Amino acid sequence: MKQRILVVEDEPAVARGVKDALSFNGYTVDVAVDGPSGYRSARDQVFDLIVLDLMLPGLDGLEVLGRLRRDGCVAPILILTARGHEGDRVKGLELGADDYVVKPFSVRELVARVAAHLRSRALAAGSQAKVTLGTVEFDFARRVCHRDGKTVPALPKEIDLARFLVENRGRCVSRDELLMKVWEYPVAGIQTRTVDNYIMKLRQKVEPDPARPRYILTVRGKGYRLADA
Ligand code: CA
């Protein structure tokens, strides 16, 4: 799954440099050039990490940061602060930023910081390389699943879907989020039954009674949630 990064930066040269470097390193990158559009993108789409400049037109970065955390945005946020503005840096960390880089920065340093944050997330998730749901054991590293020691035929996307649910256990994930993260759809709002069909396939594998799911729960009008272990 290609990781998506949002860069909120109004200086075109900085935005382009960061975007090029991150794209070169294999990430999908969106750029927003002011506070309001950055806030809307981060709120309405799903990103693995957000790079947020603090000095932005329209709505400053601290305000964007505060609103996103109040909205429940859980992506790591790395702020870009100006040299000499220590107060902003402290405020940013208090408001829920995960890290900061002081301008002017080297793009290599920024890419290294981004990679480190994404790696620590992946490590936290990867510690669950094998997970049992109901009667099925999933081996996410090898993308297979078993029941009683025998391979259960499953489509790769079923395994990816199970993995994403496990990584987000206890949290409601929307169809849009699943389409963008598991199926790599580029935009939100696409109408399709894909998610529901795959949830049905997965329930038929793991649920003792697929009509009354105990593991993969429906959150009416919102999406799906994997029950707490
Ligand atoms: Ca700026």
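Everything numeric in this text was worked out from a predicted model, so none of it was measured.

Participant: Can you tell me about the overall build of the protein chain, naming the residues and giving the values?
Facilitator: Scanning the protein chain from N- to C-terminus turns up eight helices and twelve strands. Here the C-alpha coordinates of the protein chain stretch approximately 60 × 35 × 30 Å along the principal axes. At a minimum sequence separation of 6, the contacts of the protein chain that also span at least 24 residues come to 54%. Within the structure as shown, the protein chain displays about 11,900 Å² of accessible surface, and the carbon and sulfur contribution to it stands at 51%.

Participant: Let's hear about the side chain of lysine 205: which residues, and what values?
Facilitator: One can find lysine 205 in helix H8 (residues 194-206). Relative accessible area serves as the criterion here: at 14%, lysine 205 is assigned to the buried category. Here lysine 205 is in contact with Thr135, Val136, Arg147, Val152, Pro153, Ala154 and Glu158, once residues within four sequence places are set aside.

Participant: Quick one: what's the story with the packing of helix H6 (residues 156-167) against H8, residue by residue and with numbers?
Facilitator: Orientation of H6 relative to H8, taken along the N-to-C sense of each, is 85°, at an axis distance of 10 Å. It follows that H6 is roughly perpendicular to H8 by the angle criterion. For the pair H6 and H8, contact is made by Lys157, Glu158, Leu161, Ala162 and Leu165 and by Tyr198, Ile199, Lys201, Leu202 and Lys205, respectively.

Participant: Account for the domain arrangement of the protein chain, naming residues and giving values.
Facilitator: Domain annotation for the protein chain reports domain 1 (4-124) and domain 2 (126-226). The gap between the C-alpha centroids of domain 1 and domain 2 is 30 Å.

Participant: Residues and numbers for the nonpolar core, please.
Facilitator: Ranked by internal contacts, the top residues of the largest apolar core, which has 26 residues, are Phe138, Leu161, Leu165, Leu178 and Trp183. With six residues, the top contributor of residues to this core is H6. Contact partners of tryptophan 183, with chain neighbours within four places excluded, come to Lys157, Leu161, Leu178, Thr194, Val195 and Tyr198. Leu6, Tyr39, Leu59 and Ala75 belong to the second largest nonpolar core, which has 20 residues in total.

Participant: Can you lay out the environment of aspartate 48 for me, pointing to particular residues and giving the numbers?
Facilitator: Position of aspartate 48 among the secondary structure elements: in the loop between helix H2 (35-44) and strand E3 (49-53). Setting aside anything within four residues of it in sequence, one finds aspartate 48 in contact with Lys2, Gln3, Arg4, Ala75, Pro76, Leu118 and Lys181. For aspartate 48, the side chain forms a polar contact with the side chain of lysine 181, separated by 2.4 Å.

Participant: I'd like a rundown of H6, residues and numbers included.
Facilitator: Counted at 1.5 Å a residue, the expected span for H6 with its twelve residues is 16 Å, and the 17 Å between its end C-alpha atoms agrees. Taken together, the buried positions of H6 are occupied by Glu158, Ile159, Asp160, Leu161, Ala162, Phe164, Leu165 and Val166.

Participant: Any chance you could break down the side chain of lysine 103 for me, citing the residues and the numbers?
Facilitator: When you line up the elements, lysine 103 lands in strand E5 (residues 99-103). Given a relative accessible area of 15%, lysine 103 falls into the buried group.

Participant: An account of the packing of H2 against helix H3 (residues 61-71) is needed here, citing residue identities and associated values.
Facilitator: H3 packs onto H2 with a crossing angle of 20° between their chain directions and a minimal axis gap of 10 Å. Between H2 and H3, the angle falls in the class roughly parallel. For the crossing formed where H2 meets H3, the hand is right-handed. Of the residues in H3, those touching H2 at Gly35, Tyr39, Ala42 and Arg43 are Val64, Arg67, Leu68 and Asp71. For the contact of H2 with H3, the per-class residue count stands at four nonpolar, one polar and three charged.

Participant: Describe the sheet that holds strand E12 (residues 223-226), and please don't skip the residues or the numbers.
Facilitator: The strands making up a sheet associate through hydrogen bonds between their backbones, and the pairing can be parallel or antiparallel. Pairing is antiparallel across the open sheet formed by three strands, whose spatial order is E10-E12-E11. With partners counted over all chains shown, the strands left at the sheet margins are strand E10 (173-174) and strand E11 (216-219), one partner each. In terms of strand pairing, E10 meets E12 through two bridges, oriented antiparallel. In the strand pairing of E12, valine 173 is matched with tyrosine 224.

Participant: Explain the packing of aromatic side chains to me, using residue names and the numbers behind them.
Facilitator: Using the criterion set out here, one finds two aromatic pairs in the structure. Geometrically, the ring pair formed by tryptophan 183 and tyrosine 198 is edge-to-face, given 5.1 Å between the ring centres and 75° between the ring planes. On the criterion of sequence distance, the pair formed by tryptophan 183 in the loop between helix H7 (175-181) and H8 and tyrosine 198 in helix H8 is long-range, its members being 15 residues apart. For the pair shown, tryptophan 183 and tyrosine 198 are each scored as buried. The ring of tyrosine 39 is capped by arginine 67, whose NZ or CZ atom sits 5.7 Å from the centre of that ring. Here lysine 201 stacks its cationic end above the ring of tyrosine 198, 5.4 Å away from the centre of that ring.

Conventions we followed
- Residues numbered from 1 in each chain as written.
- Predicted model: local features only at pLDDT ≥ 70, side-chain atom pairs only at ≥ 80, totals over all residues.
- Heavy atoms only, no water.
- Helix = DSSP H or I, 4+ residues; strand = E, 2+ residues; numbered from the N terminus.
- Contact = heavy atoms within 4.5 Å.
- Areas by Shrake-Rupley, 256 points an atom, 1.4 Å probe, with all protein chains shown as cover.
- Buried < 20%, exposed > 50% of the residue type's maximum accessible area, 1.4 Å probe, protein only.
- Axes fitted to C-alpha atoms, helices over the stretch in contact; angles between N-to-C directions.
- Parallel < 35°, antiparallel > 145°, perpendicular 65-115°, else oblique.
- Domains from an automatic or database assignment.
- Core = buried A, V, L, I, M, F, W, Y, C linked by side-chain atoms within 4.5 Å.
- Polar contact = N/O pair within 3.5 Å; in protein donor to acceptor, adjacent residues only side chain to side chain.
- Expected span 1.5 Å × (residues − 1).
- Left-handed = near helix turned anticlockwise from the far one by under 90°.
- Nonpolar A, V, L, I, M, F, W, Y, C, P; charged D, E, K, R; others polar.
- Pairing = 2+ DSSP bridges.
- Phe/Tyr/Trp six-rings, centres within 6.5 Å; stacked < 30°, edge-to-face > 60°.
- Lys NZ or Arg CZ within 6 Å of the ring centre and 35° of its normal.

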